Amino acid sequence: MLEQIKETVNYISNKTGFKPEVGIILGSGLGGLVNEIKIEHQISYEDIPHFPVSTVEGHSGRLIFGKLAGKKVIAMQGRFHYYEGYTMKEVTFPVRVMKFLGIKTLILSNASGGVNPDFEIGDIMIINDQINLLPSNPLIGINIKELGPRFVDMHDAYDKNLINKALKIAKKNGINCKTGIYAAVSGPCFETPSEYKYVRNVGADTVGMSTVPEVMVARHMDIPCFAVSIITDLGVEGKIVEISHNEVVEVANRAEPKMTLIIKELIAEL
Ligand code: HPA
């Protein structure tokens, strides 16, 4: 894997000469942050050696390099999901590449189903912890010492300093922001009512199909992480309604400007 990472990093560096400070991974319907980036280079995933190709509607699949809030950022417009059939190592490969390109912070967004009864559709939740309910972990297998330790401490999977800064930014801008725990499941089925109840009972506030693998790999390499989830539907008894991917994208699109503002101001303060 180390060889592959180096080949991919060499390809990107030769093509762009770009040294990003911040990595950004955008979720379903949340790619609009890209419009705020002063783009200097972009590469389609299919042109990048060893990169998987994104297959989901609403994910356009490009790596974007440019300036956002005065910082050099690399953004993944479209991420890879376990349910697409990729291995956990493939899902997280881009995070490895971003680290070797030089990122010092990783920022992620996703769409999720709220299971906390206090949540409403369209809410923004800053993730303060995670629960891995995926059937695997990207760090299983021989540990590559050059990347990080065998056993990874996860007590601060999400950086407290970044969370506090983001909450202050939200308050200053009059944005109502929740904080809470994100659980990742494999998908691609949305949850049954019993599964939503299960997710709530194990302690989560929201459930989705991403982010957790990327954060595990980022923490393996000691990258501080910050993530925001948009609640696109509710898995709360009495409030569960039929849900489709289109509705997820639509709600995410509507809530996105507030999320974008928080992330932009946070990056300015890094
Ligand atoms: N469950 C899982 N993933 C999701 C959901 C959900 O309800 N909403 C958006 N992504």
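As the structure is a prediction and not an experimental result, all values here were calculated from the model.

Rules of the game
- Residues numbered from 1 in each chain as written.
- Predicted model: local features only at pLDDT ≥ 70, side-chain atom pairs only at ≥ 80, totals over all residues.
- Heavy atoms only, no water.
- Phe/Tyr/Trp six-rings, centres within 6.5 Å; stacked < 30°, edge-to-face > 60°.
- Helix = DSSP H or I, 4+ residues; strand = E, 2+ residues; numbered from the N terminus.
- Buried < 20%, exposed > 50% of the residue type's maximum accessible area, 1.4 Å probe, protein only.
- Lys NZ or Arg CZ within 6 Å of the ring centre and 35° of its normal.
- Core = buried A, V, L, I, M, F, W, Y, C linked by side-chain atoms within 4.5 Å.
- Pairing = 2+ DSSP bridges.
- Near = heavy atom within 4 Å.
- Polar contact = N/O pair within 3.5 Å; in protein donor to acceptor, adjacent residues only side chain to side chain.
- Areas by Shrake-Rupley, 256 points an atom, 1.4 Å probe, with all protein chains shown as cover.
- Nonpolar A, V, L, I, M, F, W, Y, C, P; charged D, E, K, R; others polar.
- Expected span 1.5 Å × (residues − 1).
- Arc of directions from axis to C-beta.
- Salt bridge = Lys/Arg side-chain N within 4 Å of Asp/Glu carboxyl O.
- Axes fitted to C-alpha atoms, helices over the stretch in contact; angles between N-to-C directions.
- Parallel < 35°, antiparallel > 145°, perpendicular 65-115°, else oblique.
- Left-handed = near helix turned anticlockwise from the far one by under 90°.
- Contact = heavy atoms within 4.5 Å.

*Asks:* Pulling in residues and values, what's your account of the packing of aromatic side chains?
*Replies:* Under the criterion given, the structure shown has six aromatic pairs. Taking 5.6 Å as the distance between ring centres and 70 degrees as the angle between the ring planes, the aromatic pair formed by F18 and F65 counts as edge-to-face. Of this pair, F18 sits in the loop between α1 (2–16) and β1 (22–26) while F65 is found in strand β3 (residues 62–68), placing the two residues 47 residues apart along the sequence. With a centroid separation of 6.2 Å and an interplanar angle of 75 degrees, the aromatic rings of F51 and F93 are classed as edge-to-face. Of this pair, F51 sits in the loop between β2 (38–44) and β3 while F93 sits in helix α2 (residues 88–101), and the two are 42 residues apart along the sequence. Classification of F51 as buried rests on a relative accessible area of 8%. The residue whose ring lies beneath K72 is F18, and the NZ or CZ to ring-centre distance is 5.2 Å.

*Asks:* For the nonpolar core, give the residues involved together with the corresponding values.
*Replies:* I24, L63 and L106 are the most contacted members of the largest nonpolar core, which totals 80 residues. Membership of the second largest hydrophobic core comes to eight residues, among which are V185, Y196, V199 and M209.

*Asks:* Which residues make up the pairing of β3, and what values go with them?
*Replies:* With respect to burial, β3 is a largely interior element, five of its seven residues being buried. As paired elements, β2 and β3 share six bridges and run antiparallel to each other. Note that in β3 the partner of I39 across the bridge is G66. With seven bridges connecting them, β3 and strand β4 (residues 71–77) associate as antiparallel partners. Counterpart to F65 in the pairing with β4 is I74. What sits between β3 and β4 in their antiparallel hairpin is a turn of two residues, with A69 showing a positive phi close to 50 degrees.

*Asks:* I'd love a proper account of the site of the ligand, names of residues and values included.
*Replies:* By nearness alone, every residue bordering the ligand is listed as A111, S112, G113, F190, E191, Y196, V207, G208, M209, T232, D233 and V248. In the environment of the ligand, a nitrogen atom lies 3.4 Å from a nitrogen or oxygen atom belonging to the backbone of G113. The separation between an oxygen atom of the ligand and a polar side-chain atom of Y196 is 2.7 Å. Contact with the protein chains removes 95% of the 260 Å² of surface that the ligand exposes when unbound. For the shell around the ligand, the elements supplying multiple residues, two or more each, are β5 (105–114), β8 (206–208) and β9 (225–234). The greatest single-element share of the shell around the ligand, amounting to three residues, is contributed by β5. Class assignment of the residues belonging to the shell around the ligand gives a composition of six nonpolar, four polar and two charged.

*Asks:* Account for helix α3 (residues 160–172), naming residues and giving values.
*Replies:* For an α-helix, the turn length of 3.6 residues means that residues three or four places apart are oriented alike. The end-to-end C-alpha distance of α3, which contains 13 residues, comes to 18 Å, matching closely the 18 Å that a straight helix rising 1.5 Å per residue would cover. All of the buried residues along α3 are L162, I163, A166, I169 and A170. Burial along α3 is one-sided: seen end-on, the buried residues are contained in an arc of 125 degrees. Along α3, exposed side chains directed more than 90 degrees from the buried face belong to K160, K168, K171 and K172. With a side-chain oxygen lying 3.2 Å from the backbone nitrogen of N161, the N-terminal cap of α3 falls on D159. One or two residues past the end of α3 sits G174, with phi positive at roughly 65 degrees.

*Asks:* Run through the pattern of salt bridges, naming residues and quoting values.
*Replies:* A complete count under the given rule lists eight salt bridges for this structure. A salt bridge links R219 to D156; the shortest N-O distance between them is 3.5 Å. You can see R219 sitting in helix α5 (residues 212–220) and its partner D156 sitting in the loop between β6 (124–132) and α3, a full 63 residues away along the chain. With a relative accessible area of 12%, R219 lands in the buried category. Residue R200 is joined to D205 by a salt bridge in which the shortest nitrogen-to-oxygen separation is 3.2 Å. When its relative accessible area of 11% is taken as the criterion, D205 is described as buried. One continuous salt-bridge network, built from bridges that share partners, spans D156, R219 and D222.

*Asks:* Mind laying out the packing of α1 against α2, listing which residues take part and the relevant values?
*Replies:* At a closest axis distance of 9 Å, the pairing of α1 and α2 adopts a crossing angle of 60 degrees. On the basis of the axis angle, α1 is oblique to α2. Taken as a pair, α1 and α2 cross one another with a handedness that is right-handed. Note on element contacts: α2 touches α1 through F93, R96, V97, F100 and L101, opposite L2, Q4, I5, T8, V9, I12 and S13. For the contact of α1 with α2, the per-class residue count stands at eight nonpolar, three polar and one charged.

Purely spatial values, then, with no claim about function.
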